[in-house]
Amino acid sequence: MANKSREKFDNSVIEWIDSRLPLFTMMQKEYGVFPTPKNFNYFWNFGAIAMFMLVTMLLTGIFLAMNYTPHVDMAFDSVERIMRDVEYGWLIRYIHMNGASFFFIAVFIHIFRGLYYGSYKQPRELLWILGVVIFLLMMATAFMGYVLPWGQMSLWGAKVITNLFSAIPIVGDDIVTFLLGGFTVANPTLNRFFALHYLLPFVIFAVVFLHVWALHVTGSNNPLGIDVKSSKDTIPFNPYYTIKDSFGLLLFIAIYAIFIFYAPNYLGHPDNYIPANPMQTPPHIVPEWYFLPFYAILRSITFDFNIYILASLGLFALSISPLYCENIAKKINCLASIVFAIAGGALFVLGYLSQIDAENGGKIISLPFHDFAIIDAKLGGVLAMFGAIAMLFLLPWLDTHPVRSATFRPWFKIAVLILVVDFVFLGVVGGKPAEGIWPMAGLIATGIYYIFFLVICPFLSKYEKAKPLPESIHQAVLDKSGK
Amino acid sequence: MTDTIKSNNSDIPESEQRRDFLYLTTAGMGAVAACSVAWPFVKSMTPAADVLAVSSIEVDLTPIKMGQGITEMWRGQPVFIRRRTAKEIEMARSVDISSLRDKQTDEERVQKAEWLITMGVCTHLGCVPLGQKPTEARGDFGGWFCPCHGSHYDTSGRIRKGPAPKNLPVPEYKFITDTKIKIG
């Protein structure tokens, strides 16, 4: 079908292949003349940078696997052998190790770009969801990769994370045993993590293909967030964006190289250079930096969900329900919403304080049934953490404001920047020991995270008045250069 | 294909139900086949026979001094054995049971008051709590303190503060002699 409209290539070898399998025609269409909005800023580099990082991780990983031994008695030593004896082994390992961090840096910026410029909105919802799937797969892959060197952090990180699944009621412990292939993190676990760590990047690659495919159906979003209206709004991908992407990529690689050559262990933990010891927990278990915000959310739930806490969540739900449903909005007015929210807040504080020990050993306040945990703290933490990612999946239906770009939404712009600060702060909390004010700080930051998605997004969708949008991308570019 | 069948059997009334039945049976058998192929692969991920092989250990208690604790390895996990002082036993037994998260009396958790034997695995997320060595933090209740997420256990290994939902579990054990136990 594509062959009919195909243009002939001058080179006879290319023409021979293309007439049988139109690969070159496809590349020409999707990456050569592909019409791309002409107003991209440098935030639009990070998709290509993430792709580069994925390929880097795949290549270095394959070469590391040639020298790695997935056995508890040999894994640590085989990594040390890569560092000391294998020719350029140190380089390949440092590229891979820091590559994980830089892959996440690129992806975090890429996700922020999507958030700020509304790239998740109609018609790009599925494109966004595929992106969140990639993010989840990346987290699973990175986690299992970190276990492979079999240092102290590898072992204890694996214990803590696999134990999360034991929070599932009734079948939790059996699931953990199934995942580990034993009763504790041991050789069968290391073996299967290696197999899966090798497999998942190829799964990521396949989902990236779908992500890019979906992108090429809808076309790219742009900093103005308005649709492409005519060919005046676009330029061909090549050479304009191949060059812009290459420039950004080179800068990114330069910073990446500084870490590889001058601070290769800066982003890691020294404890992982101590061989794994199942009898000795390191004094302070911390995941890799890119997991810290989610780790903080996990740890922020230090209390059981007793009837008071659950009732308070019910009241919060009632207070925001008018934002979601017009029929409810007719019955619950603004004042009622505020009353529900305040009552919910008060109940929450009561339910929380009823579980806090005072200095003398008793509870601060005593309420009937306060220790009847419907959802215990552990399951609550796990639900909060996975819920934080579920918010990203739901975002296209939480923020339904017709204007995409935060540039024209003064309130959304502030909210999304607060979310970024909150997320970074959660990262800081996740890196601190769970003592003193940090659990409380984590709880508040977790609350703000959820409020952004569940309250602010639907609220602004309903009430925010956007600034006037430019007529077209072309016009906006002309106006900007004219001043 | 449907057209061919229809024309060949034009004298027989078309029976949608019969055809549906064939489709559903085929799909059903296909699903059974897929599950039976998947099962060996799923099952291969469960603990293997060597992992499952029950192991038990015997521990000689004579070298343990009053107030001292030792850690033994059992089924790949640490077991805490602590010889409690009179004061520690008193601390464990004077607690108001109703104030506990996981309500258990100290008597339910020990066979001999002096010897407390529990798994050395935090019930939160599986870290090994600190407190076996005198130099380590023992938390607010004199037992153990889990450094991962700040769970405090008392001198009976019961959860008193922090995120862990349960007390440190007591493994199956028995005294073979007065100074020797068998775990498992």
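Before reading on, note that the structure itself is shown above.
One structure accompanies this document, and this report is about it. Here the residue numbers are simple positions, counted from 1 along each chain's written sequence. Lettering for chains starts from A, numbering for ligands starts from 1, and both go in the order in which the items are written. For a predicted model such as this one, the threshold for reporting local features is a pLDDT of at least 70, and the threshold for listing and counting side-chain atom pairs is 80 or more; totals across whole chains, interfaces and linings nevertheless cover every residue. Excluded from the side-chain calculation are hydrogens and water; included are all heavy atoms of the structure.

## Some points on the sheet that holds strand E4 (residues 115–119) of chain B
Residue and element names in this part refer to chain B.
Move 1: Pairing is antiparallel in the open sheet, where three strands are placed in the order E2-E3-E4. Here the strands that pair on one side only, and so sit at the sheet edges, are strand E2 (69–74) and E4. Here the average twist between neighbouring strands, direction ignored, is 20°. Here, strands pair whenever DSSP counts at least two bridges between them. Helix and strand definitions here come from DSSP, where helices need a minimum of 4 consecutive H or I residues and strands a minimum of 2 consecutive E residues; each element is numbered from the N-terminal end. Note on geometry: axes are lines fitted to C-alpha atoms, helical ones only across the stretch in contact, with angles between N-to-C directions running from 0 to 180 degrees.

## Observations concerning the nonpolar core
Move 1: Here, nonpolar core refers to any group of buried Ala, Val, Leu, Ile, Met, Phe, Trp, Tyr and Cys residues whose side-chain atoms link them within 4.5 Å. Relative accessibility decides the category of a residue: with a 1.4 Å probe and only protein chains considered, values under 20% of the type maximum give buried, values over 50% give exposed, and everything between is partly exposed. Within the largest apolar cluster, 127 residues are counted, with the highest numbers of intra-cluster contacts made by Tyr-449 and Phe-453 of chain A.
Move 2: With 14 residues, the top contributor of residues to this core is helix H6 (residues 125–147) of chain A.
Move 3: The contacts of Tyr-449 of chain A, once residues within four sequence positions are left out, are Ala-388, Met-391, Leu-392, Leu-419, Asp-422 and Phe-423 of chain A.
Move 4: Core analysis: the next-biggest nonpolar cluster, separate from the first, contains 14 residues, Ile-57, Trp-74, Trp-115 and Met-119 of chain B among them. Any pair of residues with heavy atoms lying within 4.5 Å of one another is described as a contacting pair.

## Regarding the packing of helix H11 (residues 292–300) of chain A against helix H15 (residues 377–398) of chain A
Two numbers describe a pair of packed helices, the interaxial angle and the distance between the axes.
Residues and elements named next belong to chain A.
Move 1: As a packed pair, H11 and H15 sit with axes 7 Å apart at the nearest point and diverge in direction by 140°. H15 is crossed by H11, and the crossing has right-handed handedness. Contacts between H11 and H15 involve Phe-294, Ile-297 and Leu-298 on the former and, on the latter, Gly-381, Val-382, Ala-384, Met-385, Ala-388 and Ile-389. Handedness of a crossing is defined here by the sense of rotation of the near helix relative to the far one, left-handed for an anticlockwise turn of less than a right angle and right-handed for a clockwise turn.

## Focus: the pairing of strand E8 (residues 173–177) of chain B
Residue and element names in this part refer to chain B.
Move 1: Alignment of E8 against strand E9 (residues 180–183), held across four bridges, turns out to be antiparallel. Paired with Thr-177 across the two strands is Lys-180, which belongs to E9.
Move 2: Hairpin connection of E8 to E9: two residues between the antiparallel strands.

## Considerations on the side chain of Lys-378 of chain A
Move 1: Within the secondary structure, Lys-378 of chain A sits in helix H15.
Move 2: Positive charges come from Lys and Arg alone, negative charges from Asp and Glu alone, with His and the N- and C-terminal ends not counted. What makes a salt bridge here is a side-chain nitrogen of Lys or Arg within 4 Å of a carboxyl oxygen of Asp or Glu, nothing more. No salt bridge is formed by the buried Lys-378 of chain A; the nearest opposite charge belongs to Asp-173 of chain A, separated by 6.0 Å.
Move 3: Beyond its immediate chain neighbours, meaning those up to four positions away, Lys-378 of chain A contacts Asn-163, Ser-166 and Ala-167 of chain A together with Thr-123, His-124, Leu-125 and Pro-165 of chain B.

## A few points about the sheet that holds strand E7 (residues 159–161) of chain B
All names here are of chain B.
Move 1: The antiparallel open sheet is built from three strands, whose spatial order is E5-E6-E7. Single-partner strands in this sheet number two, and they are strand E5 (142–146) and E7. Ignoring which end each strand starts from, the neighbouring axes of this sheet average 35° apart.
Move 2: Of the pairings in the sheet, the one linking E5 to strand E6 (residues 151–154) comprises four bridges and is antiparallel in character. Bridged to Cys-146 within E6 is Ser-151.

## Here we look at the interface of chain B and chain A
Move 1: Across the contact, 33 residues belong to chain B and 32 residues belong to chain A.
Move 2: Buried area: the accessible area, evaluated with a 1.4 Å probe, that two parts lose upon being put together, summed over both parts. With both sides pooled, the region where chain B packs onto chain A buries about 2600 Å², and carbon together with sulfur makes up 63% of that total.
Move 3: Our count for the chain B to chain A interface comes out at zero salt bridges.
Move 4: Here a polar contact is recorded for every N or O atom pair within 3.5 Å, except that within protein the pair must consist of a potential hydrogen donor and a potential acceptor, and residues adjacent in sequence are included only if both atoms are side-chain atoms. Put simply, chain B and chain A have three residue pairs in polar contact (both at pLDDT 80 or more) between them.

Functional significance is not addressed by these values, which are geometric in nature.
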